[in-house]
Amino acid sequence: TCVHSFFQGCFVFKPSSKKRKTRSLGETCVNPKSKNITWIYVLLEVLQEELNKKILDSLLDFAKKCSTTRQHCDWASKMRANEIPTAALVLGVNVPDHDMTFQSLFDLLKHSVTPHVVSVQAKECGVLKHLLKRVLEGLMDVAVDDDDEEEMEQNPRSVHCSLSTLSDWYTAKTKKSSSATPGKKRNVQDEDEHHHHHQTPPVVIIFKDLEGFNPRVLQDFISICSRYIDRLPLMFIFGIATSPSTVQHMLPHSVSSLLCIELFQSLSCTQHLATVIDKLILTAQFPFKLNGKVMQVLISIFLYHDFSVRNFIKGLQLALLEHFHSQPLSILCCKKKEALLNVTLLSGRDLETVRQLPSFIRFVEKQEAGEQVKLMTDDDHLKEACQKLIKDLRKYHKSYYPVLRCLHTLTSLLPRYPLGKQIRELHLICLEKNVWENEDYQSAMKLLKMLAKDELITSLRKCSEILSSAKSKKMKKAFTELDELLAKFKHLDGKLEKIKLVFVRSTLLEMNESRRSKKKSPFELLRNEVVEFIDGLVTCHLPPPESQTLYEVCYYSSSATVRRHLNATPRTSIQTALSSPCFYLQNESLKNEDGTVSNSAPDICIAYKLHLECGRLINLYDWLEAYATVVSAAEGQDPDCDTFGKVDDVKHARFIRSVSELEFLGFIKSTRQKTDHVARLTWGGC
């Protein structure tokens, strides 16, 4: 059985040795595509989990510190007797990622610190009683009654909704846990640590969306909790999306003074995005790539829709699956050794696909006539050529990313950021066309020739570090050349230091004369040499991926598919619903073959169809008359009757409601040109 999904990629079904036959690579039992997708997906999931690892580890340490040393440590000495240790976790506005972060935090606390953890949301806690009930049910795992004696009699397991109930439950729970602990001999220090860490675990309450809570409810809850702090080792975690000052705005001093707050600031969503792009896209270790248009779609959705790194990764996963599903040669999108092996296993059909690739056709056209014939007719020769081309593509990536980082290091210092402030912006420019032909690039090179010595040398040292970590032979050579240039700067500084004070005046006069005659100083000459060196690296190593043969193997380019799946288009769905209501209502009586709307359709559908027949400005009275005529026919009135098409109060109200709904959906708006008219907002677009 063939393996067609990455979930099955780990299972191997060996065929019988009695009946072996040659099959194409895509038909082998262990599908390389499934194997590649599996390890890439694992890498994506691991990276997603590591995004908030640092902040979660800090919170975990904070919780452990509060639980193990509450009574006799530096932290406890900072708190008064009635203060509740509180972690203010600022996560930013990337709301779609909050649930994942809090779920990870919840699991970590449960596993490593305390079994008594509960998470509450504002929508569940509109009043104090609901908040108390949610906390008790989450911690005690029992039904909580709202002071109703009849309900308590009907349900003997239910408990009273108060913190005293929670306090009694916690005391009983810790005593039970203490008596269940085996009696082993310990020294005093071990006994003390064991007592605080294991027998009195903290009770952690996580407020996932602090801004959404009613300030009065929150104030009352904190005040009540502070009275039980001697019996309940409470700890709060506030999830904040906006600013740490939110706590001050929501809680007066009399309440905030009951909390001992420590601030935990998460990285911004854009910083998280930069980390993801750096580790998954701007690296030669990750074989799958996005072309400029696909990457622009994903970044635009992130910046203008949700600020969600999680959704960005999901978009990357979608592009990955689409690439491996739609591109037969994606079997070569894997690690180098596997790719070279897979080339030898390509079937005749796969090789024909190679010959039809636009990049390969351009490659063949540049070859001599005899070589062209071999590439198009000799499969073995083609496989050898493909192996070399795959190696060249790997070398291209090994040189591309270090040079890209060096260029960004230098140009990100320039005023107005001609090539972008973020490296992703520069990467998008390089993906589209030859960056050195860009006007902004030319401006950047001119500005680099005016860069101050300290800034230039600092940037060049960073570039040297980037090139030193590269594994490409070409990059090692570039590193050596850059080190020589840095040595020249050092040598130049040494020469200047040797000038004695008596020669300073004459030296300044010479420099002044050189400026008048436009003669460049040694530093300016060396700076120009550096800029030419960087320009040479860019020209040699930063051509767009489309210039590389077989780039289609690794690069996914269908931006329309990604946009269709990820970027919702509600306007299209709304128009479909209004013009063809049977499509959503599943009512065959509303279906008309000629594309018109049935007169028995919902009022808004009739009004929508009639408004499409009007011009840019719609006369409300004429629209109402047409609507009344259609509705009268639907009611079965005789067309010859005097009341047919007449507007009564009911029809008028139904029409006004339909017009209001269309205005709310954005199809029309009121206009000052004519008071009895409305303007179409979709004029020429529908």
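In this report, the structure presented in the accompanying data block is examined. This is a predicted model, so every value here is computed, not measured.

So, how was this worked out
Residue numbers restart at each chain and count upward from 1, following the sequence in its written direction. pLDDT decides what is reported in this predicted model: residues at 70 or higher carry local features, side-chain atom pairs at 80 or more are listed and counted, and totals for whole chains, interfaces and linings draw on all residues regardless. Excluding hydrogens and water, the side-chain values take into account all heavy atoms of the structure. Secondary structure elements are taken from DSSP: a helix is a run of H or I of four residues or more, a strand is a run of E of two residues or more, and numbering for both begins at the N terminus. Note on classification: 1.4 Å probe, protein chains only; a residue is buried when its accessible area is under 20% of the maximum for its type, exposed when over 50%, partly exposed between these limits. Residue contacts are defined here by distance: any two heavy atoms, one from each residue, within 4.5 Å place the two residues in contact. Note that accessible areas follow from Shrake-Rupley with a 1.4 Å probe, and for residues the cover is restricted to the protein chains shown. Each pair of strands is called paired provided DSSP finds at least two bridges between the two strands. The distinction between a cavity and a pocket rests on a 1 Å grid over the protein atoms alone: a 1.4 Å probe fits inside a cavity but cannot get out, while a pocket stays open yet meets protein on both sides within 12 Å along at least five of seven lines, and a residue with an atom within 4 Å of a point counts as lining. Grid points are joined across faces, edges and corners, and a volume is the space filled by probe spheres set on the points. Just to be clear on terms, a salt bridge is a Lys or Arg side-chain nitrogen sitting within 4 Å of an Asp or Glu carboxyl oxygen.

## Looking at the overall build of the protein
Part 1 of the argument: When helices and strands are counted, the protein shows 31 helices and 12 strands.
Part 2 of the argument: Split into buried and exposed, the 686 residues of the protein put 45% on the buried side.
Part 3 of the argument: Partitioning the intrachain contacts of the protein with sequence separation of at least 6 by distance along the chain shows that 72% fall at a separation of at least 24.
Part 4 of the argument: Counting every atom, the protein has about 37800 Å² of accessible surface; 52% of that belongs to carbon and sulfur.

## Considering the pairing of strand S6 (residues 234-240)
Part 1 of the argument: Summarising burial for S6: 7 of the 7 residues are buried, a large majority.
Part 2 of the argument: Direction of pairing for strand S1 (residues 84-90) relative to S6: parallel, over a ladder of 5 bridges. Within S6, the position partnered with Leu89 by the bridge is Gly239.
Part 3 of the argument: Note: strand S5 (residues 203-207) against S6, 5 bridges, orientation parallel. Along S6, the bridge assignment pairs Phe207 with Phe238.

## Re empty space enclosed by the protein
Part 1 of the argument: Counting across every chain of the model gives 2 cavities of 30 Å³ or more.
Part 2 of the argument: Here the second largest cavity defines a volume of roughly 50 Å³.
Part 3 of the argument: Every residue lining the second largest cavity is listed: Leu280, Ile281, Phe288, Lys289, Leu290, Leu316, Tyr401, His427, Leu431 and Tyr555.
Part 4 of the argument: Those elements that provide at least two residues to the lining of the second largest cavity are strand S8 (289-290) and helix H20 (423-432).

## Looking at the pattern of salt bridges
Part 1 of the argument: Summed over all chains, the structure comprises 13 salt bridges.
Part 2 of the argument: For the salt bridge of Lys53 with Asp57, the shortest nitrogen-to-oxygen distance reads 3.0 Å. Of this pair, Lys53 and Asp57 are both found in helix H2 (residues 53-68), 4 residues apart, which corresponds to roughly one turn of the helix.
Part 3 of the argument: By relative accessible area, which is 30% here, Asp57 ends up partly exposed.
Part 4 of the argument: The salt bridge partner of Lys388 is Asp392, with a shortest N-O separation of 3.2 Å. Pair noted here: Lys388 and Asp392 are both in helix H19 (residues 379-411), with a separation of 4 residues, about one helical turn.
Part 5 of the argument: Judged by relative accessible area, Asp392 falls into the partly exposed class, the value being 28%.

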